[in-house]
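Architecture at a glance
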Amino acid sequence: METEANRIPVTIVTGYLGSGKTTLLNRILTEHHGRRIAVIENEFGEIGIDSELVTNADEEIFEMNNGCICCTVRGDLIRIIGRLMQRRDRFDAILIETTGLADPAPVIQTFFVDEDIRANVRLDAVVTVVDSHHVLQHWDEAHEVQEQIAFADVILLNKIDLVDESRQADLTRKIRAINASVTIHPTVKSQVSVDAVMGLGAFELDRALAIDPNFLTEDAHEHDETIGSVGFEIQGELNGGRAQNWLSRLLRDQGQNIFRMKGVLAIEGETERMVLQGVHMLMNAAPGQAWRESEVRKSKLIFIGRQLDRQGLEKGLKECLA
Amino acid sequence: MSGLNMEPKSLSPVLTRLGGGSWDDNVLAASWSADSRALALAFYDGRVELLSQDSNWQARLLATHGGPAACLAMHPKASLVASGGDDGFVHLIDWSQEGTDILLNLSSERLQDDWLQDLVWSADGKHLAAACGSRVFVIDTEGRILQSWSDFPSTVHSLAWHPGGSLLLVASDGGLSQLKPGDVDVYPSFPTDSAAIALSISPQADFLVSGNLDATMNVWAVGDEEPYRMQGYRGKPRNFAWSRYPASPPQLAVAAGTESIILWNFERGAPDGQAPQQLLGHDGAVRSLSFLQKKPWLLSCGEDGRLIIWQETRGWKKGTIDQPGGAFAGMRVSPDERYVAAWTRDARLYLYALMGSR
């Protein structure tokens, strides 16, 4: 396996139809940032992609384990990334543009599950482009809109020149209700610094440490949203065995409804933080930064998903206290 | 003009490195002619070239694809090579005559069908099977499409003709299917729990093997419906080689993207309940395997840049090693077993002579 530094970073660009994904791609590709970027495109758009290394793909969902949606991966990406790796010396990063109707989960899960992919590339971030002007028209009828927001690390709130300030504030509130920890950039014509969407390392375990406690309050989410975020901060140490059992059971039983999970746990007897990153039933966990002697030990967890049971999750977490 | 710089270097009594060469782009596939005098190469930049003994292994351009040239198949009897590319085209080239190239466009309006994944000639050379996206075609030597099937649930990853030539096996999501030219139906005869990405048939056609996306391998004994399922691989089993030396027991060597070669012994049927043997000698993923028919040898090459000849004398022993530099991506042994062509991930190709032949 390549070292972390040698693995090629992959940015996934999602967004509903007409949101400005291809415009964003072309901006990234034409800006002088010094990165050589290979593009994997999922559909022929009206706008051409300005890059020498463009590969077309089409969604090919592979079930890995008897039809469990959490174990679906994208066969087309495995094939295309495998082929791209034949000339890995010619690019520094990969951008994947999904279709407007794509389910982001199999795309992301491919980077967790597939050994060949994990050996060569690493998921950098999920960037979702939201059309401020039209998104509310699709908000309720197209589940993809909310799911693409739920999976995002970064959201471009695009076409803000077409909406007034109160509409923008309302949209920001609705987005935060779904995904409390996402970074939001208001944009016009997808104009954003490349550094705001690439090289973020959002799926690195250390990034779980960056959970902002302000997002974790009861007020940060709305109970009437089907898809939303819930977060917890709990003081004291957790019993390692109980925490492991709880998380395993939780992801097994409710993984289909948990889109993303990030956490930092204080485990009894451990000198380092335990950091977690999860997508549906898949979870990576590893020791993180060491606790300082004087530091108050506390655990932080955020879940983004559908029909999340805040009370049940909180009860489960508290039962893990040592 | 590219080609091999011939500088023979004897590495051992059984292996000589005849020469090597560099190209502008990586080799994706290679195939030897039936008489072992010519080697076709397919490159990422779409070129298809021929190296031949007659030209002292200098390269001749045969065709150019509008995308990576992904697969190659030399005809088992004639001077005909088929190449397939990401552009959805198949070139059928008579390489004994300049300019004889039949072009077939197998791509459809559907985006996902636009690349060639595999090409295989039947043993009698009458039929070329082509996997293009989620479709399979059977083509004759004149370039006529005789039949096509399009009911596969995913990309067709791999094809293999039954040695008798009457059945074609197809690996795709959900398992292996059988096709019978002349019959339009697809028989999903050998289901797998995840996508089948590689397949192999034993030389006696008594076992079928699939390598699967979930890092498992299924083995079906002919006549049995239930497969034997081998798991515990750390990568996807996608490189298979069956032993062919007559005095050796039937064995299947498997490379699964790791540094070890797994050897399954089929002497008493399917290796149910048996632990496989592991051959350890590579420090990087093994990328290609090939047993010889004339010697009890197994050749392997890997990303550690090593080409290893394993010799069986009361167990497998690591014999000659060459490590010319660069991670090996693949290897092909010529049909007469005199030559080995091995290519690297940095666009180099090396030619070896086996058993001291020059």
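Source: prediction; values computed, not measured.

So, how was this worked out
Residues numbered from 1 in each chain as written. Chains lettered and ligands numbered in written order. Predicted model: local features only at pLDDT ≥ 70, side-chain atom pairs only at ≥ 80, totals over all residues. Core = buried A, V, L, I, M, F, W, Y, C linked by C-beta atoms within 7 Å. Buried ≥ 20, exposed ≤ 12 C-beta atoms within 10 Å, placed from the backbone. Contact = placed C-beta atoms within 7 Å. Pairing = 2+ DSSP bridges. Helix = DSSP H or I, 4+ residues; strand = E, 2+ residues; numbered from the N terminus. Axes fitted to C-alpha atoms, helices over the stretch in contact; angles between N-to-C directions. Expected span 1.5 Å × (residues − 1). Arc of directions from axis to C-beta.

1. Description of the nonpolar core
Ala42, Leu116, Ala130 and Val170 of chain B are the most contacted members of the largest nonpolar core, which totals 122 residues. Residues in contact with Ala42 of chain B, not counting those within four places in the same chain, are Val27, Leu28, Ala29, Val48, Ala69, Ala70, Cys71, Leu72 and Ser83 of chain B. One finds Tyr16, Val113, Ala152 and Val279 of chain A within the second-largest nonpolar core, a separate group that totals 82 residues.

2. Details of the sheet that holds strand β28 (residues 297-302) of chain B
In a beta sheet, neighbouring strands are held together by backbone hydrogen bonds and run either parallel or antiparallel to one another. Residues and elements named next belong to chain B. The strand order across the open sheet built from four strands is β27-β28-β29-β30, with neighbouring strands paired in antiparallel fashion. Sheet topology places β27 (286-291) and β30 (316-322) at the edges, where each strand pairs with a single neighbour. On average, each strand axis in the sheet is tilted by 25° relative to the strand beside it, whichever way the strands run. Across five bridges, the pairing between β28 and strand β29 (residues 307-312) is antiparallel. Paired with Cys301 across the two strands is Leu307, which belongs to β29.

3. Brief notes about the pairing of strand β25 (residues 260-265) of chain B
Residue and element names in this part refer to chain B. When strand β24 (residues 251-255) meets β25, the two strands line up antiparallel, connected through five bridges. Pairing of Ala255 across the sheet is with Ile261, part of β25. The turn joining β24 and β25, which pair antiparallel and follow one another in sequence, is formed by four residues; a positive phi near 75° is taken by Gly257.

4. A word on the sheet that holds strand β2 (residues 15-22) of chain B
Residues and elements named next belong to chain B. In space, the five strands of this open sheet follow the order β1-β2-β33-β32-β31, with antiparallel pairing throughout. For this open sheet the edge positions go to β1 (5-12) and β31 (328-333), each flanked by a neighbour on one side alone. Shown here is a sheet whose adjacent strand axes are inclined to one another by a mean of 20°, direction ignored. Summarising the sheet, strand β32 (residues 339-344) and strand β33 (residues 348-354) pair through five bridges and their orientation is antiparallel. Bridge pairing in β33 links Val340 to Tyr352.

5. Regarding the environment of Trp121 of chain B
All names here are of chain B. Here Trp121 is to be found in strand β11 (residues 116-121). Trp121 sits in the buried class, given 25 other C-beta atoms within 10 Å. Sequence spacing of Trp121 and Pro8 is 113 residues, and the spatial spacing of their C-alpha atoms is 33 Å. Each residue touching Trp121, except ones within four places of it in the same chain, is listed here: Ala73, His75, Pro76 and Leu128.

6. Considering helix α7 (residues 165-178) of chain A
All names here are of chain A. Spanning 14 residues, α7 covers 20 Å between terminal C-alpha atoms, matching the ideal 20 Å at 1.5 Å per step. Along α7, the residues that are buried comprise Leu171, Ile175, Arg176 and Ile178. Here the buried residues of α7 occupy an arc of 155° about the axis, which is enough to place them on one side. Along α7, exposed side chains directed more than 90 degrees from the buried face belong to Glu165, Ser166, Ala169 and Arg173. Contacts from the buried residues of α7 go to α5 (135-138), α6 (143-150), β8 (154-158), β9 (183-186) and β10 (227-235).

So, to be careful, I would describe these as geometric facts and stop short of saying anything about function.
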